[in-house]
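Examination of the molecular architecture
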Amino acid sequence: MKTDYTIIANRQLTHKTWVMTLRGDTSAIKAPGQFVNIAIPEKFLRRPISICDWSHERGEITLLYDTVGEGTEFMSRMKPGDTLDMLNGLGNGFSTDPDTDRPLLLGGGIGCAPLLGLARTLKARGKDPIAILGYNTASDSFGMDRWFEQIGVEAHIATVDGSAGTKGFVTDVIREKGIASGYFQACGPMPMLRALCTDLVIPGEVSLESRMGCGFGACMGCVIQTTEGPRGICKAGPVFRKEVLIWK
């Protein structure tokens, strides 16, 4: 759904991470893990951003984004009252009824964003998820573990340099804390997702990050090979079951 959304807050969390709240039509959001595609003035391609959280009752969408280029730098300069042209509710999201009472939510960097809405949805369905959030260093952490704890979700942090939480990766937290689960749901950089799909013996699903053209499957610019043939990340995903992915 294409429409204009009004910014009601745009706040810097770290040296590169921002949180933006917008008001507008949320009816196209059906599952956590979907994304929006944002038009940037004088730029040909829209910018895909995962939906962090949303409220149908308030008509609000929360986005987390890193300033990594001209598009997101433009977004960081926007003020309350400004509007964004967005395609909303794109892609297929995470399962909200995994075959376990205690799903494991694994995030890396800005990939932690869609796990908040996922955790809230799982809690509403009677699940008791655990979140493990991984960062390179403490300065990259934006306090999202506290957001999970505020909605009653156990949360842990890992940093590669050991400056916060467990030293290492999200899998090191699993081992250190003795966390057991029958299903995992993850979002983060490709090397992290590849390692999770290879190392974790439990079933799961991952949300893939990719550059996109149209965002709805017309341009074929984000196609990957799967066991079910070529699939566009934007339309068939961004969430895929781990067993259908072919890692090269």
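Residues numbered from 1 in each chain as written. Predicted model: local features only at pLDDT ≥ 70, side-chain atom pairs only at ≥ 80, totals over all residues. Heavy atoms only, no water.

**A few points about the pairing of strand β9 (residues 154-159)**
In terms of burial, β9 is a largely internal element, five of the six residues being buried. Bridging between strand β8 (residues 130-135) and β9 involves six bridges; their strand directions are parallel. Within β9, the residue paired with Gly-134 across the bridge is Ala-158. Examined bridge by bridge, β9 and strand β10 (residues 166-167) share two bridges and lie parallel to one another. Each bridged residue has a counterpart across the sheet, and for Thr-159 the counterpart in β10 is Lys-167. (Buried < 20%, exposed > 50% of the residue type's maximum accessible area, 1.4 Å probe, protein only. Helix = DSSP H or I, 4+ residues; strand = E, 2+ residues; numbered from the N terminus. Pairing = 2+ DSSP bridges.)

**Details of the environment of Gly-204**
Following the sequence through the fold, Gly-204 ends up in strand β12 (residues 204-207). On the basis of relative accessible area, Gly-204 is assigned to the buried category, the value being 2%. Each C-alpha atom, one on Gly-204 and one on Leu-105, is 9.8 Å from the other, the two residues being 99 residues apart in sequence. Sequence-distant contacts of Gly-204, defined by excluding residues within four places in its chain, comprise Tyr-183, Phe-184, Arg-241, Lys-242 and Glu-243. (Contact = heavy atoms within 4.5 Å.)

**Description of the nonpolar core**
Counting residues in each nonpolar core, the largest one holds 30 residues, and the members touching the most others are Leu-104, Leu-106, Ile-132, Phe-184, Leu-196, Val-206 and Leu-208. The set of elements that each furnish at least two residues to this core consists of β6 (83-90), β7 (104-108), β8, α4 (170-177), β11 (184-187), α5 (190-199) and α6 (233-236). With four residues, α5 is the single largest residue contributor to this core. Those residues in contact with Ile-132 that sit more than four places away from it in its chain are Leu-104, Leu-105, Leu-106, Gly-107, His-156, Val-170, Val-173, Ile-174 and Ile-179. One finds Val-19, Leu-115, Tyr-135 and Val-153 within the second-largest nonpolar core, a separate group that totals 23 residues. (Core = buried A, V, L, I, M, F, W, Y, C linked by side-chain atoms within 4.5 Å.)

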